[in-house]
Amino acid sequence: MSQKFYKLAAFEYLADTVIIKGKLESEGIQVFLKDENTVNSDPLISNAIGGIKLLVLDEDKNKALEIYNEIRSYAVDDNGKPLACPNCKAEKLEGYYSRKGIFYKLFPFFEKRKFRCFNCNIVS
């Protein structure tokens, strides 16, 4: 019997992944990490390969999303205040990189910083 997985999130650093993994496992959800060892052996390629992917079983997707959405952190300005979406005004923005083109896949830090709204999904 083959099991299908859902990619809940991807993280640049292992520390962020371990925190979310621990919370999900404490709630009885099996968690799998993809590319964890690759990033651990060479952290500089994390952005190039899309970070460490946190996977859950399809059957746990809804519960995992609910838990993750309760504890995830959103983008803040220099003063620590949440950034608001220019479209819907929700304060649920996440960093977003399109990684279009080989140059930005290899050197993502040159890409202009953008944000994606978790509420309306617009990129600004």
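Here the structure is shown first, and the text comes after it.
The structure presented is a predicted model; accordingly, all values stated were derived computationally and were not measured.

Draft legend 1. Spatial organisation of helix α3 (residues 61-71). When we look at burial in α3, the residues that qualify are Ala64, Ile67 and Tyr68. Viewed end-on, α3 has its buried residues packed into an arc of 100°, placing them on one side of the element. Looking at α3, the residues exposed on the side facing more than 90 degrees away from the buried face are Asn62, Glu66 and Glu70.

Draft legend 2. Looking closely at the sheet that holds strand β1 (residues 5-11). Taken together, the three strands give an open sheet; going across it, the order is β1-β3-β2, and neighbouring strands pair in antiparallel fashion. Every other strand in the sheet has two partners, leaving β1 and β2 (31-34) as the edge strands with one partner each. Neighbour-to-neighbour, the strand axes of the sheet open up by a mean angle of 30°, direction not taken into account. In this fold α3 packs onto β1 and β3 (52-57), with an angle of close to 20° to the strand it touches most, β1.

Criteria and thresholds
- Residues numbered from 1 in each chain as written.
- Predicted model: local features only at pLDDT ≥ 70, side-chain atom pairs only at ≥ 80, totals over all residues.
- Heavy atoms only, no water.
- Buried < 20%, exposed > 50% of the residue type's maximum accessible area, 1.4 Å probe, protein only.
- Helix = DSSP H or I, 4+ residues; strand = E, 2+ residues; numbered from the N terminus.
- Arc of directions from axis to C-beta.
- Pairing = 2+ DSSP bridges.
- Axes fitted to C-alpha atoms, helices over the stretch in contact; angles between N-to-C directions.
- Contact = heavy atoms within 4.5 Å.

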